[in-house]
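Chain by chain, the residues run as shown.
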Amino acid sequence: MPIEDQRSPAAGKDHEGRPASGPEPSSPDVFVPWSRSFLRHAALWLLLAIVGGLVLAGIADSIVHRLAGFLQIIVISLFLSFAIEPAVDYLAKRGWRRGAATGLVFLAVFVAIAGLIALLIPAVVSGTRQLITSLPDLVNNLARYLKPLGIQLDTAHIEDQVRKYGSQLLAGAGSLLGGVVQVATGIVGGVFQALTIALFTFYMVAQGPQLRRTVCSRFRPDRQRRILFIWEQAIEQTGGYFYSRLLLAVINGVLMYAVLRWRGVPFAAPLAIFEGIVAEFIPIVGTYIGGAIPVLVALLYEPVDALIVLIWIVVYQQIENYLLSPRLTARTMSLPAPVAFAAALIGGALGGILFAFLALPAAGVILAAVRTYGRYYEVVEDDATVEPALAPEKTTKGRSPRSGWFRRRKQDPAKPPGGPPSGDR
């Protein structure tokens, strides 16, 4: 017997017979009563967050721009402290107090810089006199070199131009006074910046253990070990790099100075110092940049001298690559050539020549940390990963899985679908 509907006939209607206004089925066009208010508040908070983020970003950018000079001083001081600390540690292990050891190292650096300046000033003065004396011969030599290229130089015209610009220079001596004042101001600012860097570097080295304890006290013990490892690697890599390259620069510069003095090339000391520093501290292209200037200066005086200087640069480079550098840099950082060149370019783009020098030990520290804490896997031996001369003999294990699958399909007869696989249980 069918069950009758127990609902009242008037169910779903009001007392006047009209359908009851109950909740209708939900549809996409119907909102929950609080949804519009929520959306308005969410849009308002999102707008406030965007505006606040833009304001904070502008403030942060302004602060960074204002503190860019100070941050640069801190970075330079930090890397200089890494370079000086090995020498201070060497003295501290032999009974010296860290403050006295740091002062002695700073005194040695100051004496070296003063001696370098004392060597450069007389060399520049004598070279300038020699250049003025031999100026007509230099012009004639330059005209002779440019003649095969179709460029004609009139010696009399050049001398007239020199006299003309000399008179203009004397007439504008008053306007040059402002330039001299600007140069003097720049020198004073540079000296102040150098003293500031020296002050920060001194305290970073003299208070090195206390500084590390202060930094490590803010981290867990496992993090402290990693921080101390990276810090020690920074000191070892930076100090070893600077000391080894500085020694190579001294050897290179002294020998180049002897060759230039032997051939009578002017500005022998500045050219030798430039060649030694640039060739040793700029990777890959430093040798060519540092050697090009002495060769060009020697070429203006005598082509034979330029040829002798060029031959010496090539010979010394081979001696350094195969005899000096492997012994002096055996325990220092070893950077791949592309990494070193990229680091120098990035450092030069960020802060000029000084940052290009500092970028190399920074890259060494990062590479050492990656090698220590990075994860390595076994590399598949294949033609793309092994040099042909060192490639192992082709074996079944050395082949790729796909080639082995093709080989098995070729050797085994075809099995009907659903049949038991051969050799498998």
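Each value, and the rule that gives it
Residues numbered from 1 in each chain as written. Predicted model: local features only at pLDDT ≥ 70, side-chain atom pairs only at ≥ 80, totals over all residues. Heavy atoms only, no water. Helix = DSSP H or I, 4+ residues; strand = E, 2+ residues; numbered from the N terminus. Contact = heavy atoms within 4.5 Å. Areas by Shrake-Rupley, 256 points an atom, 1.4 Å probe, with all protein chains shown as cover. Expected span 1.5 Å × (residues − 1). Bend = angle between axes of the 7 residues up to and from the residue. pLDDT = per-residue confidence, 0-100. Core = buried A, V, L, I, M, F, W, Y, C linked by side-chain atoms within 4.5 Å. Buried < 20%, exposed > 50% of the residue type's maximum accessible area, 1.4 Å probe, protein only. Phe/Tyr/Trp six-rings, centres within 6.5 Å; stacked < 30°, edge-to-face > 60°. Polar contact = N/O pair within 3.5 Å; in protein donor to acceptor, adjacent residues only side chain to side chain. Salt bridge = Lys/Arg side-chain N within 4 Å of Asp/Glu carboxyl O. Patch = residues over 30% accessible without salt bridge, like charges linked within 9 Å, V, L, I, M, F, W, Y side chains within 5 Å.

## Some words on the overall build of the protein chain
Logical step 1: A count of helical and extended segments in the protein chain gives 13 helices and 0 strands.
Logical step 2: Here the contacts in the protein chain between residues at least 6 apart in sequence split such that 65% fall between residues at least 24 apart.
Logical step 3: Counting every atom, the protein chain has about 30,700 Å² of accessible surface; 67% of that belongs to carbon and sulfur.

## A short note on helix 12 (residues 337-373)
Logical step 1: Taking 1.5 Å per residue as the helical rise, helix 12 with its 37 residues ought to reach 54 Å, whereas the 22 Å between its terminal C-alpha atoms falls clearly short.
Logical step 2: Maximal helix bending in helix 12 amounts to about 145 degrees, located at Gly351.

## Observations regarding the confidence of the model for the protein chain
Logical step 1: Across the protein chain, the average pLDDT comes to 75, with 71% of residues at 70 or higher.
Logical step 2: Segment residues 1-13: pLDDT under 50, and 6 contacts once partners within four positions in sequence are set aside and those in other chains are kept.
Logical step 3: In the model, residues 413-425 has pLDDT below 50 throughout and makes 2 contacts with residues more than four positions away in sequence or in other chains.

## Here's the deal with the nonpolar core
Note that soluble globular proteins tend to have their nonpolar side chains buried in a common cluster.
Logical step 1: In terms of nonpolar packing, the biggest core is built from 23 residues, with Phe82, Phe242, Phe281 and Leu360 touching the most fellow members.
Logical step 2: Of all elements in the fold, only helix 2 (68-92), helix 8 (221-263) and helix 12 reach the threshold of two or more residues within this core.
Logical step 3: Ranked by residues supplied to this core, first place goes to helix 12 with 10 residues.
Logical step 4: Residues within four places of Phe82 in sequence aside, it is in contact with Trp231, Ala234, Ile235, Thr238 and Gly239.
Logical step 5: With 17 residues, the next largest nonpolar core counts Ala272, Ala298, Tyr301 and Trp312 among its residues.

## Examining the packing of aromatic side chains
Logical step 1: A complete count under the given rule lists 8 aromatic pairs for this structure.
Logical step 2: Arranged with centres 5.6 Å apart and planes meeting at 70 degrees, the rings of Tyr241 and Phe242 form a pair that is edge-to-face. Residues Tyr241 and Phe242 agree in their burial class; the two are buried.
Logical step 3: Ring plane angle 40 degrees and centroid distance 6.3 Å describe the contact between Phe242 and Phe281, whose orientation is recorded as tilted.

## Looking at the side chain of Glu280
Logical step 1: Residue placement: Glu280 occurs in helix 9 (residues 268-281).
Logical step 2: Note on Glu280: relative accessible area 3%, which makes it buried.
Logical step 3: Among the polar contacts made by the side chain of Glu280, one reaches the side chain of Asn252 at a distance of 3.2 Å.
Logical step 4: Those residues in contact with Glu280 that sit more than four places away from it in its chain are Arg245, Leu248, Ala249, Asn252, Tyr316 and Glu320.

## Digging into the pattern of salt bridges
Logical step 1: This structure, assessed with the given rule, holds 6 salt bridges.
Logical step 2: The partner of Arg245 in a salt bridge is Glu280, with the nearest N and O atoms 3.0 Å apart. In this pair, Arg245 sits in helix 8 while Glu280 sits in helix 9, placing the two residues 35 residues apart along the sequence. The same class applies to Arg245 and to Glu280, which are both buried.
Logical step 3: Residues participating in the shared-partner salt-bridge network are Glu85, Asp89, Arg98 and Arg212.

## Some details on the side chain of Ser81
Logical step 1: With respect to the secondary-structure elements, Ser81 resides in helix 2.
Logical step 2: For Ser81, a relative accessible area of 2% gives the class buried.
Logical step 3: Setting aside anything within four residues of it in sequence, one finds Ser81 in contact with Thr201, Met204 and Val205.

## What about unusual backbone geometry?
Logical step 1: The phi angle at Phe267 is positive, at roughly 55 degrees, despite the residue not being glycine.
Logical step 2: Turning to its location among the elements, Phe267 is positioned in the loop between helix 8 and helix 9.

## Notes on helix 3 (residues 98-133)
Logical step 1: The end-to-end C-alpha separation of helix 3 is 53 Å, in line with the 52 Å expected for 36 residues at 1.5 Å each.
Logical step 2: Of the positions making up helix 3, those classed as buried are Arg98, Ala101, Thr102, Val105, Ala123 and Gly127.

## Things to note about a nonpolar patch on the surface
Logical step 1: There is a patch of nonpolar side chains on the surface, built from Leu47, Val51, Val55, Leu56, Ile59, Ile63, Val64, Leu67, Phe70 and Leu71 and spanning about 900 Å² of accessible area.
Logical step 2: The element contributing the most residues to the nonpolar patch is helix 1 (residues 35-66), with 7 residues.
Logical step 3: Along the chain, Phe70 turns up in helix 2.
Logical step 4: Look at Phe70 and you get partly exposed, because its relative accessible area is 42%.

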